[in-house]
Amino acid sequence: MQADDLEPELLSKLIEWRHDIHQHPEMAFNEHRTAALVADVLEKAGFAVTRGVATTGVVATRDFGPGPSIGLRADMDALPISESTDRPYASEHSGVMHACGHDGHTVMLLGAALSLAERRDLSGTLHCVFQPAEENEAGAKAMIEADVLQRFPMDSIYALHNMPGLPVGRALIQSGAVLASFDRFDIQIEGEGGHGAFPEQTQDTILAAAQLITQLYSVVPRITSATDPTVLSVGHCVANGAYNVIPGQVSLAGSLRTFDASVRIAVREQIEKICKGIELTFGVRVQFDFLDGYPAVINDEACTELMAAALHKALGVQAVGTEFTPLMGSEDFAFFLEKRPGCFFLLGNGEASAGIHTPEYDFNDSAIAHGVSAFVNIAEICLARHAAETS
């Protein structure tokens, strides 16, 4: 299937649904309206639909007979960002918008499901997974903990993300690392504050924090190889002091991104050592909390080959890039890839697109048919191939 093969009437409906979802964005685990739309449409199309998976997730299943089982996944949640586009379908919910294109991902999977619903040449089981809470809340992990992989067995699973800056009709895919892990940390420094004129009577939390931040930025270049991409950033520093007040507490928060699971452990251990050293040096109390976030997105080699073939059919061989520098962004689809082989690819959203997670962003409707065709093709490859082998 190619984009031009999508029925114009269905494409028009998908765009209408996309605009409706965009106009009514819902954040993590509150995607009730979006989930209901998805479930209602697919029930009418004959899918066996399970609602309320991990609160608001939806799994729609089509049984084509004996054979393998595959999963196709889309995310549904929006972000806490105020939209600044002039679209007629701009968000009606103050401070919430689809700034990452999950509205587009949702309708692309809807379109693929509807295109496959009446097929008679497939053999196996298709699970369409509409996931809540991808943005920072690990909805994929919540679905796994709700036994989605046991209730809906999948031999492999596939997903996509739109990519601003990449032309519509283009895609990027590769085996191995695609997106980095994402972990967070919080550090509280406490001491005896006091008057700025008499620092010798205090435990200077500001000085301790300054030294701690400096030492944190020495961690990555000294315990990781220069050829292994790893980023540690402190993005939050709050101290309630004043011109003449040394505060009793300073709060720090930051993040760690890498592609190597062992680096996540090594950096965490090194930060713990630094915190203990700061305590001894400055006589302050340091509380360090490391919050395990998303693993790195690591594509399975065999599944990547199949997905690349699906993209070649959808877009043409020349439109599919198969080698690129892994991105430092993160995606909770990684939790599915830890449990099942699969593949995550990037689909062009247009060269002039605003960046994701910005108030100016909007998903490009011109990309919908390309996403639908990619999903349809991977289902055909996995399920029609089995049908041919057993016929």
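Residues numbered from 1 in each chain as written. Predicted model: local features only at pLDDT ≥ 70, side-chain atom pairs only at ≥ 80, totals over all residues. Heavy atoms only, no water.

A.B. asks: How would you explain the side chain of His370 if you had to name every residue and give the values?
C.D. replies: Positionally, His370 belongs in helix H11 (residues 368-390). Not counting chain neighbours up to four residues away, the residues in contact with His370 comprise Ala3, Val168, Gly169, Leu315 and Leu347. (Helix = DSSP H or I, 4+ residues; strand = E, 2+ residues; numbered from the N terminus. Contact = heavy atoms within 4.5 Å.)

A.B. asks: Give a detailed account of the pairing of strand E16 (residues 342-348), specifying residues and quantitative values.
C.D. replies: Counting buried positions along E16 gives 7 out of 7 residues, so the element sits mostly inside the fold. Every second residue of E16 is oriented toward a common face, with Gly342, Phe344, Leu346 and Gly348 on one face and Cys343, Phe345 and Leu347 on the other, all of them buried. Direction of pairing for strand E5 (residues 156-163) relative to E16: parallel, over a ladder of 7 bridges. Its bridge partner lying in E16, His161 is registered against Leu346. Direction of pairing for strand E6 (residues 171-172) relative to E16: antiparallel, over a ladder of 2 bridges. Paired with Leu172 across the two strands is Leu346, which belongs to E16. (Buried < 20%, exposed > 50% of the residue type's maximum accessible area, 1.4 Å probe, protein only. Pairing = 2+ DSSP bridges.)

A.B. asks: Any details on the side chain of His24? Residues and values, ideally.
C.D. replies: Topologically, His24 is positioned in the loop between helix H1 (8-23) and helix H2 (32-44). In contact with His24, other than residues within four places in its own chain, are Arg33, Thr34, Glu92 and His93.

A.B. asks: Which residues make up unusual backbone geometry, and what values do they have?
C.D. replies: Positive phi, normally seen in glycine, also occurs at Asn136, with a value near 70 degrees. Position of Asn136 among the secondary structure elements: in the loop between strand E4 (125-131) and helix H4 (139-145). A positive phi angle is found at Asp147, which is not glycine, with a value near 65 degrees. With respect to the helices, strands and loops of the structure, Asp147 is situated in the loop between H4 and helix H5 (148-151).

A.B. asks: Hey, could you go over the sheet that holds E4 for me, with residue numbers and the actual values?
C.D. replies: If you walk across this open sheet you meet the 8 strands as E1-E2-E4-E3-E5-E16-E6-E15, and the pairing is mixed. Each end of this open sheet is capped by a strand with a single partner; those strands are strand E1 (48-53) and strand E15 (320-321). Of the strand pairs in this sheet, E6 and E15 are connected by 2 bridges, and their pairing is parallel. What sits directly across from Ala171, in E15, is Val320. Contacts between H2 and the sheet are confined to E1, strand E2 (57-63) and E4, with E1 contributing the most and set at about 165 degrees to the helix. The strands touched by helix H3 (residues 102-116) within the sheet are strand E3 (69-75), E4, E5 and E16, with E3 carrying the most contacts at an inclination of about 145 degrees. (Axes fitted to C-alpha atoms, helices over the stretch in contact; angles between N-to-C directions.)

A.B. asks: Please set out the environment of Leu10 residue by residue, giving values where relevant.
C.D. replies: Assignment of secondary structure puts Leu10 in helix H1. Judged by its relative accessible area of 14%, Leu10 falls in the buried class. Between the alpha carbons of Leu10 and Met163 there is a distance of 24 Å; along the sequence they are 153 residues apart. Dropping the residues within four chain positions of it, Leu10 is found in contact with Gly111, Leu114 and Ser115.

A.B. asks: Tell me what's going on with the nonpolar core, and back it up with residues and numbers.
C.D. replies: Formed by 66 residues in total, the largest nonpolar core has its most connected members in Phe47, Phe130 and Met307. It is H11 that provides the largest number of residues to this core, a total of 11 residues. Setting aside residues no more than four positions away along its own chain, Met307 makes contact with Tyr158, Ile173, Cys343, Phe345, Ala374 and Ile378. (Core = buried A, V, L, I, M, F, W, Y, C linked by side-chain atoms within 4.5 Å.)

A.B. asks: Just give me the short version of the pattern of salt bridges, but keep the residues and values in it.
C.D. replies: Inspection of the entire model under this criterion finds 19 salt bridges. Arg51 is the partner of Asp40 in a salt bridge, and the nearest nitrogen-oxygen pair spans 2.7 Å. With a gap of 11 residues between them, Asp40 in helix H2 and Arg51 in strand E1 connect regions that are remote in the sequence. Assessed through its relative accessible area of 35%, Asp40 is described here as partly exposed. One salt-bridge network, held together by shared partners, links Arg18, Asp86, Arg87, Asp103, Asp362 and Asp365. (Salt bridge = Lys/Arg side-chain N within 4 Å of Asp/Glu carboxyl O.)

A.B. asks: So what's going on with the state of the cysteines? Which residues, and what values?
C.D. replies: Cysteine pairs can be covalently joined through their sulfur atoms, and such a bond is termed a disulfide. One pass over the full model with this rule turns up 0 disulfides. Cys382 provides the cysteine sulfur closest to Cys128, a residue in no disulfide bond, and the two sulfurs are 13 Å apart. Summary of cysteine pairing: Cys382 is not part of a disulfide, and the nearest cysteine sulfur, belonging to Cys303, is at 7.1 Å. Relative accessible area serves as the criterion here: at 10%, Cys382 is assigned to the buried category. (Disulfide = S-S within 2.5 Å.)

A.B. asks: Describe the packing of helix H6 (residues 205-216) against helix H8 (residues 261-282), naming the residues involved and giving the relevant values.
C.D. replies: Where H6 meets H8, the closest approach of the two axes is 10 Å, and the angle between their N-to-C directions is 150 degrees. Judged on the interaxial angle alone, H8 and H6 are roughly antiparallel. Between H6 and H8 lies a crossing of right-handed hand. For the pair formed by H6 and H8, the contact residues are Leu207, Ala208, Gln211, Leu212, Gln215 and Leu216 on the first element and Ile271, Ile274, Cys275, Ile278 and Phe282 on the second. Taken together, the residues that form the contact of H6 with H8 break down as 9 nonpolar, 2 polar and no charged. (Parallel < 35°, antiparallel > 145°, perpendicular 65-115°, else oblique. Left-handed = near helix turned anticlockwise from the far one by under 90°. Nonpolar A, V, L, I, M, F, W, Y, C, P; charged D, E, K, R; others polar.)

A.B. asks: Any chance you could break down the environment of Asn299 for me, citing the residues and the numbers?
C.D. replies: Residue position: Asn299 is located in strand E14 (residues 297-299). Beyond its immediate sequence surroundings of up to four residues, Asn299 is in contact with Gln174, Ser175, Gly176, Val178, Thr304, Leu337, Gly342, Cys343 and Phe344. A distance of 2.9 Å separates the side chain of Asn299 from the backbone oxygen of Gln174, its partner in a polar contact. (Polar contact = N/O pair within 3.5 Å; in protein donor to acceptor, adjacent residues only side chain to side chain.)

A.B. asks: Could you give me a rundown of the sheet that holds strand E13 (residues 285-294), with the residues and numbers involved?
C.D. replies: Spatially, 4 strands are ordered E10-E12-E8-E13 in an open sheet, and the strand pairing comes out antiparallel. Two strands lie at the open edges of the sheet, namely strand E10 (230-239) and E13, each paired on one side alone. Ignoring strand direction, the axes of neighbouring strands in this sheet form an average angle of 15 degrees. Both strand E8 (residues 182-190) and strand E12 (residues 249-258) contribute to a ladder of 8 bridges, which runs antiparallel. Each residue of the ladder has a partner; that of Asp186, found in E12, is Ala253. Along the sheet, H6 contacts E8, E10 and E12; its crossing angle with E8, the most-contacted strand, is approximately 155 degrees. Contacting E8, E10, E12 and E13, H8 runs over the sheet at an angle of about 170 degrees to E13.

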